[in-house]
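An overview of the molecular structure
In case you want the letters, here they are:
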Amino acid sequence: MNRREMIEGIVRHAGISKANVQRFYEGLASLMKSELARHGRFVLPGLGAMVVRRRKARTARNPR
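Given the structure is predicted, the values throughout are model-derived calculations rather than measurements.

Parameters and conventions
- Residues numbered from 1 in each chain as written.
- Predicted model: local features only at pLDDT ≥ 70, side-chain atom pairs only at ≥ 80, totals over all residues.
- Heavy atoms only, no water.
- Helix = DSSP H or I, 4+ residues; strand = E, 2+ residues; numbered from the N terminus.
- Expected span 1.5 Å × (residues − 1).
- Buried < 20%, exposed > 50% of the residue type's maximum accessible area, 1.4 Å probe, protein only.
- Arc of directions from axis to C-beta.
- Contact = heavy atoms within 4.5 Å.
- Axes fitted to C-alpha atoms, helices over the stretch in contact; angles between N-to-C directions.
- Parallel < 35°, antiparallel > 145°, perpendicular 65-115°, else oblique.
- Left-handed = near helix turned anticlockwise from the far one by under 90°.
- Pairing = 2+ DSSP bridges.
- Salt bridge = Lys/Arg side-chain N within 4 Å of Asp/Glu carboxyl O.

1. Some points on helix 2 (residues 18–39)
With 22 residues, helix 2 should reach 32 Å at 1.5 Å per residue; the first-to-last C-alpha distance of 31 Å fits that figure. Turning to helix 2, its buried residues number three or more, namely V21, M32, E35 and L36. Down the axis, helix 2 shows its buried residues gathered within 95° of arc, on one side only. Along helix 2, the residues that are exposed and aim more than 90 degrees away from the buried face are R23, K33, A37 and R38. Lining the buried residues of helix 2 we find helix 1 (3–14), strand 1 (41–44) and strand 2 (48–51). G40 lies just past helix 2 and shows a positive phi near 80°.

Following this line, the structure appears as structure tokens:
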């Protein structure tokens, strides 16, 4: 599911205008980015949490 499909699904399900859903989506994405940068964690109650993870560098391989 991409961004457009998600917005259209919310419009159909909730009966809210597409412009309002887009503003909400953009605001949520902005809030999520800032909280992840500041605290490394973003929780959506009832849905889940996003956590920044640090991983070791790995050696890449060219498939050719």
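There's plenty left to go through after this.
2. Focus: the packing of helix 1 against helix 2
One way to put it is that helix 1 packs onto helix 2 with a least axis distance of 9 Å and a crossing angle of 125°. By the angle class used here, helix 1 and helix 2 are oblique. Note that helix 1 runs across helix 2; the crossing there is right-handed. Residues R3, M6, I7, E8, I10 and V11 of helix 1 pack against K18, V21, Q22, Y25 and E26 of helix 2.

3. Notes on the pairing of strand 2
Bridge count between strand 1 and strand 2: 4 bridges; the pairing is antiparallel. Looking across to strand 2, one finds that L44 is bridged to G48. As consecutive antiparallel partners, strand 1 and strand 2 are separated by 3 residues, and within that stretch G46 has a phi angle of approximately 85°, a positive value.

4. Considering the pattern of salt bridges
In this structure the tally under the stated criterion is 3 salt bridges. Between E26 and R3 there is a salt bridge whose closest N-O contact spans 3.0 Å. Residue E26 is found in helix 2, and its partner R3 is found in helix 1; the two are separated by 23 residues along the sequence. The exposure class assigned to R3 is partly exposed, which follows from its relative accessible area of 39%. E8 serves as the salt-bridge partner of R4, at 3.8 Å between the closest nitrogen and oxygen. One end of the pair is R4 and the other is E8, both in helix 1 and 4 residues apart, which spans about a single turn.

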